[in-house]
Amino acid sequence: MLKISNISKCYGPHKVLSDISFELNKGHSYSLVGKSGCGKSTLSRIISGIEKPDQGSVVFNTHNIHSLNKKSFRAIRKDIQIVFQDAYSSLNPRWSIYNAIKEPIENYLNLSDSQSKELIHNLIRTVGLSEAVLTRRPKELSGGQQKRVCIARAISCNPDFIILDESVSGLDTQTKSSILNLLIDLQDKTNCTYLLITHDIEVAYATSDTVYKIENTRLLNYKEEER
C-alpha cells in the first residue's frame with residue numbers, strides 16, 4: 001500500500017534522515033520510535049506529502065505522491081490523513097467542533113447537509129465524546145477531548161492510511177490508554193493502516209504489529225510484535 005524508498009532530508013548542513021526505506025501494508029499498524037529530534041516528525045510530513053524529501057520516493061497505492069500535481073494529489077489526499085501532536089493548534093479556535101469535523105467532509109465527500117450532520121454525530125460518538133461538545137470551541141475541551149476530535153476529523157473520510165504524530169503524548173495514563181484502545185477498535189472496524197510516531201516504546205509495542213526505530217538519521221532495525 002505504501003512504499004518509502006531511500007528517503008533523505010537535510011536542513012542546511014544538518015542531515016535529519018539518511019536513506020530511509022520500508023513498506024506498510026493495508027490493515028496493519030506500525031510504530032516509528034526514536035528520541036525527540038531524531039527525524040520522526042520530518043518523516044511523517046514527507047510521507048503525508050506536506051514536505052518534500054531531498055532524495056527518495058513515497059509511493060502510495062502506485063502513486064509517487066511527490067511527483068503529482070496539486071489536482072492529482074488532492075484526488076488521493078483524503079486517503080492519507082495525519083493527526084498532529086498539538087491538537088489545539090490543529091483546530092480553528094473560531095470554529096465549533098461541529099464545523100471542525102464538517103470541514104474535511106465538505107472538502108472530500110459529496111454529501112447532503114442532512115447526511116453530513118448524521119455522519120458528524122456518528123463520528124463524535126465513535127470517538128467516545130458526547131454530542132454536546134459539537135457546539136463548543138476547542139478551548140472549552142480538555143487535551144484528551146481535542147485529540148479525539150482530531151481523530152474524528154481524520155477518520156471522517158474513511159482514509160486508507162492515518163499517521164498519528166505523537167498523538168497521545170502529554171496525556172495522563174488513563175486518557176492515553178482510552179485513546180489507544182479507541183484507535184485499536186477503529187482499526188478493527190475500518191481496516192485502515194496506522195503509523196504511530198512516538199518516543200514511548202511501551203506505547204509502540206502495545207499498539208503496533210511492527211515497530212521501527214530511527215537513530216542517527218537511519219532506520220536501524222525493526223521488531224515484529226504480536227498484539
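So, here is what we can say about the structure in this document.

Considerations on the packing of aromatic side chains
Phase 1 of the analysis: All chains considered together, the criterion is met by two aromatic pairs.
Phase 2 of the analysis: Ring geometry for Tyr30 versus Tyr212: centroids 6.3 Å apart, planes at 20°, classification stacked. Of this pair, Tyr30 sits in strand β3 (residues 29–33) while Tyr212 is found in strand β9 (residues 210–215), placing the two residues 182 residues apart along the sequence.
Phase 3 of the analysis: A relative accessible area of 4% places Tyr30 in the buried class.
Phase 4 of the analysis: For Tyr212, a relative accessible area of 9% gives the class buried.
Phase 5 of the analysis: One aromatic cluster in this structure is built from Phe22, Tyr30 and Tyr212.

Let's talk about the nonpolar core
In globular proteins that are soluble, nonpolar side chains generally tend to be buried together.
Phase 1 of the analysis: Among the nonpolar cores identified, the biggest contains 35 residues, and Ile101, Ile124, Val127, Val149, Ile151 and Ile162 are the most heavily contacted of them.
Phase 2 of the analysis: Examining the composition of this core, we find that six residues originate from one element, helix α6 (residues 143–155), more than from any other.
Phase 3 of the analysis: Beyond its immediate stretch of four places on either side in the chain, Val149 contacts Leu91, Ile97, Ile101, Ile124, Leu129 and Leu141.

Regarding the pattern of salt bridges
Phase 1 of the analysis: By the definition in use, this model includes eleven salt bridges.
Phase 2 of the analysis: Lys9 is the salt-bridge partner of Asp54, the closest N and O atoms lying 3.8 Å from each other. Taken as a pair, Asp54 in the loop between α1 (40–47) and β4 (55–60) and Lys9 in strand β1 (residues 2–11) lie far apart in primary sequence, 45 residues in all.
Phase 3 of the analysis: Of the residues examined, Lys9 reaches a relative accessible area of 10% and is grouped as buried.
Phase 4 of the analysis: In this structure, Asp79 engages Lys78 in a salt bridge whose closest nitrogen and oxygen atoms are separated by 3.3 Å.

A closer look at the side chain of Lys147
Phase 1 of the analysis: Its place among the elements puts Lys147 in helix α6.
Phase 2 of the analysis: Within the buried core, Lys147 has no salt-bridge partner, and the shortest N-O distance to an opposite charge, that of Asp86, equals 7.0 Å.
Phase 3 of the analysis: Aside from chain neighbours lying at most four places away, what touches Lys147 is Phe84, Gln85, Ala87, Glu166, Ser167, Val168, Ser169, Leu171 and Ile179.

Regarding the layout of surface pockets
Phase 1 of the analysis: Of the volumes computed, that of the largest pocket is approximately 290 Å³.
Phase 2 of the analysis: Taken together, 13 residues line the largest pocket, and the ones lying closest to its centre are Gln81, Ile82, Phe84, Glu103 and Arg153.
Phase 3 of the analysis: Of all elements in the fold, only β6 (80–83), α4 (97–108) and α6 reach the threshold of two or more residues within the lining of the largest pocket.
Phase 4 of the analysis: For the lining of the largest pocket, the element with the highest residue contribution is α4, accounting for four residues.
Phase 5 of the analysis: Looking at side-chain class alone, the lining of the largest pocket contains seven nonpolar, three polar and three charged residues.
Phase 6 of the analysis: Roughly 160 Å³ of internal volume is contained in the second largest pocket.
Phase 7 of the analysis: Lining the second largest pocket, in full, are Gly49, Ile50, Lys52, Ile65, His66, Leu68, Asn69, Lys70 and Phe73.

Quick word on the pairing of β3
A regular strand places its side chains on the two faces of the sheet in alternate fashion.
Phase 1 of the analysis: Burial analysis of β3 places five of its five residues in the buried class, the great majority of the element.
Phase 2 of the analysis: The alternating pattern of β3 places Ser29, Ser31 and Val33 and Tyr30 and Leu32 on opposite faces, both of which are buried.
Phase 3 of the analysis: Taken together, the five bridges between β3 and strand β8 (residues 193–198) define a ladder with parallel strand orientation. Across the sheet, Tyr30 pairs through a bridge with Leu195, a residue of β8.
Phase 4 of the analysis: Bridge analysis of β3 against β9 gives four bridges, and the strand direction is parallel. Across the sheet, the residue bridging to Leu32 is Tyr212, located in β9.

Parameters and conventions
- Per-chain numbering applies: the sequence of each chain, read as written, is numbered from 1 onward.
- Totals for whole chains, interfaces and linings use all residues, but because this is a predicted model, local features are given only for residues with pLDDT of at least 70 and pairs of side-chain atoms are given and counted only at 80 or more.
- Processing note: side-chain calculations cover all non-hydrogen atoms of the structure and skip hydrogens and water entirely.
- For Phe, Tyr and Trp, where Trp contributes only its six-membered ring, two rings pair if their centres lie within 6.5 Å, and the inter-plane angle classes them as stacked under 30 degrees, edge-to-face over 60, or tilted in between.
- Helix numbering and strand numbering both begin at the N terminus, where a helix is a DSSP run of H or I of at least 4 residues and a strand a DSSP run of E of at least 2.
- Only protein chains enter the calculation, and the probe is 1.4 Å; a residue is then buried if its accessible area is under 20% of its type maximum, exposed if over 50%, and partly exposed in between.
- As used here, the term nonpolar core means buried Ala, Val, Leu, Ile, Met, Phe, Trp, Tyr and Cys residues forming a set that is joined through side-chain atoms within 4.5 Å.
- Any two residues having at least one pair of non-hydrogen atoms within 4.5 Å are treated as being in contact.
- We define a salt bridge as a side-chain nitrogen of Lys or Arg found within 4 Å of a carboxyl oxygen belonging to Asp or Glu.
- Within this scheme the basic residues Lys and Arg register as positive and the acidic residues Asp and Glu register as negative, but His and the chain ends are omitted.
- Buriedness for pockets is judged along seven lines, at least five of which must meet protein on both sides within 12 Å for an open set on the 1 Å grid over protein atoms alone, while cavities are sets there where a 1.4 Å probe fits but cannot get out, and lining residues have an atom within 4 Å of a point.
- Grid points are joined across faces, edges and corners, and a volume is the space filled by probe spheres set on the points.
- Lys, Arg, Asp and Glu make up the charged group, whereas Ala, Val, Leu, Ile, Met, Phe, Trp, Tyr, Cys and Pro make up the nonpolar group; the residues left over, Gly among them, are polar.
- One bridge is not enough; two strands pair if DSSP finds at least two bridges between them.

Scope: geometric values only; no functional claims are made or implied.
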